[in-house]
Amino acid sequence: AVTNYFGLCSYLDDLIGKVIGTIKATGFREDSYILYASDHGENLGVRGLWGKSVMYEESVAVPMIIAGPEVPAGKRSKTPVSLVDVFATAMDIFDLSPSDDIVRPGKSLREIACAKTDEPARPIYSEYHASGSLTGHFMVRVGKWKYIAYPGYAPQLFDLEQDPLEINDLGVSSENIDIRAECDAALRK
């Protein structure tokens, strides 16, 4: 399964290369924006899990790459981003303004890439409601903290700086009551 997954990644890389090659060959490269993202990560057997049905980093983290006019080449930002930023990015690139009744939760990736400073504490949200779930999963990541709420079950809390592999669940420890409350409030906001 792992070999097949890496084969799929290589095949996709080849296809993306063909698209970029065609854009260059037709003379549109200087005027084109390219945005690459995935809808989810892959557990790939870590913790004995496959697919995307949990909120561990290997499943919930996605690649997000943008290139184009007014996007600094080679810059890597530490500002967390989310798929909701794609809408804001399209609105920015095409110089469109949403009507007042449209909620625009994201931020333009072009704006994030051009920012002089990163925003590592920017909250990022994720949720999961699909196959095999006993309940929905609702996640917020704020800086180094990742908080996951499961209606009807105990929450999880991870310090991603001290515990990047998410092994030490602080979700019910008495030491982190204030952090859990802050994260839960951010999630519900």
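Residues numbered from 1 in each chain as written. Predicted model: local features only at pLDDT ≥ 70, side-chain atom pairs only at ≥ 80, totals over all residues. Heavy atoms only, no water.

## Notes on the overall build of the protein chain
No. 1: Counting its secondary structure elements, the protein chain contains 5 helices and 6 strands.
No. 2: Order of helices (α) and strands (β) in the protein chain, N terminus to C terminus: α-β-α-β-α-α-β-β-β-β-α.
No. 3: The principal-axis extent of the C-alpha atoms belonging to the protein chain is close to 60 × 45 × 30 Å.
No. 4: Look at the contacts in the protein chain between residues 6 or more apart in sequence, and 44% of them connect residues 24 or more apart.
No. 5: Accessible surface for the protein chain amounts to roughly 12,100 Å². Of this, 57% is attributable to carbon and sulfur atoms. (Helix = DSSP H or I, 4+ residues; strand = E, 2+ residues; numbered from the N terminus. Contact = heavy atoms within 4.5 Å. Areas by Shrake-Rupley, 256 points an atom, 1.4 Å probe, with all protein chains shown as cover.)

## Considerations on unusual backbone geometry
No. 1: The phi torsion at L44 lies on the positive side, around 55 degrees, for a residue other than glycine.
No. 2: Secondary-structure assignment places L44 in the loop between β1 (34-37) and α2 (57-60).
No. 3: Not every positive phi belongs to a glycine, and R47 is a case in point at roughly 65 degrees.
No. 4: Residue placement: R47 occurs in the loop between β1 and α2.

## Side note on helix α5 (residues 177-188)
No. 1: Look at α5: 16 Å from first C-alpha to last across 12 residues, which is about the 16 Å you get at 1.5 Å a residue.
No. 2: Among the residues making up α5, those that are buried are R180, C183, D184, A186 and L187. Around the axis of α5, the buried residues are gathered within 160 degrees of arc, so they sit on the same side. Residues of α5 that are exposed and angled more than 90 degrees away from the buried face: D178, E182 and R188.
No. 3: Contact partners of the buried residues in α5: β3 (124-128), β4 (137-142), β5 (145-149) and β6 (156-159). (Expected span 1.5 Å × (residues − 1). Buried < 20%, exposed > 50% of the residue type's maximum accessible area, 1.4 Å probe, protein only. Arc of directions from axis to C-beta.)

## What about the sheet that holds β5?
Hydrogen bonding along the main chain pairs the strands of a sheet, whether they run parallel or antiparallel.
No. 1: Reading across the sheet, the 4 strands line up as β3-β4-β5-β6 and stay open at both edges, with antiparallel pairing between neighbours. This sheet does not close on itself; its edge strands, each paired only once, are β3 and β6. Adjacent strand axes in the sheet meet at a mean angle of 15 degrees, parallel and antiparallel pairs treated alike.
No. 2: Pairing geometry for β3 and β4, over 5 bridges, is antiparallel. Across the sheet, residue I124 finds its bridge partner in β4, namely R141. (Pairing = 2+ DSSP bridges. Axes fitted to C-alpha atoms, helices over the stretch in contact; angles between N-to-C directions.)

## Re the pattern of salt bridges
Side chains that differ in charge, positive against negative, can pair when their charged atoms come close.
No. 1: Enumeration according to the criterion identifies 12 salt bridges in this entry.
No. 2: One salt bridge in this structure joins K107 and E119, with 2.4 Å as the shortest N-O distance. Separated by 12 residues along the polypeptide, K107 in the loop between α3 (84-93) and α4 (109-114) and E119 in the loop between α4 and β3 bring together distant segments of the chain.
No. 3: Exposure remark for E119: the relative accessible area of 35% places this residue in the partly exposed category.
No. 4: E166 is the partner of K146 in a salt bridge, and the nearest nitrogen-oxygen pair spans 2.7 Å. With K146 in strand β5 and E166 in the loop between β6 and α5, the pair connects residues that are 20 residues apart, well separated along the chain.
No. 5: Here the salt bridges share partners, and the residues they tie into one network are R47, E57, E58, R141, K146 and E166. (Salt bridge = Lys/Arg side-chain N within 4 Å of Asp/Glu carboxyl O.)

## Brief notes about the packing of aromatic side chains
No. 1: Enumeration according to the criterion identifies 2 aromatic pairs in this entry.
No. 2: Measuring from centroid to centroid gives 6.2 Å for Y56 and F158, while their planes differ by 55 degrees, and the two rings are tilted. Here F158 lies in strand β6 and Y56 lies in the loop between β1 and α2, a separation of 102 residues in the sequence.
No. 3: When its relative accessible area of 1% is taken as the criterion, F158 is described as buried. (Phe/Tyr/Trp six-rings, centres within 6.5 Å; stacked < 30°, edge-to-face > 60°.)

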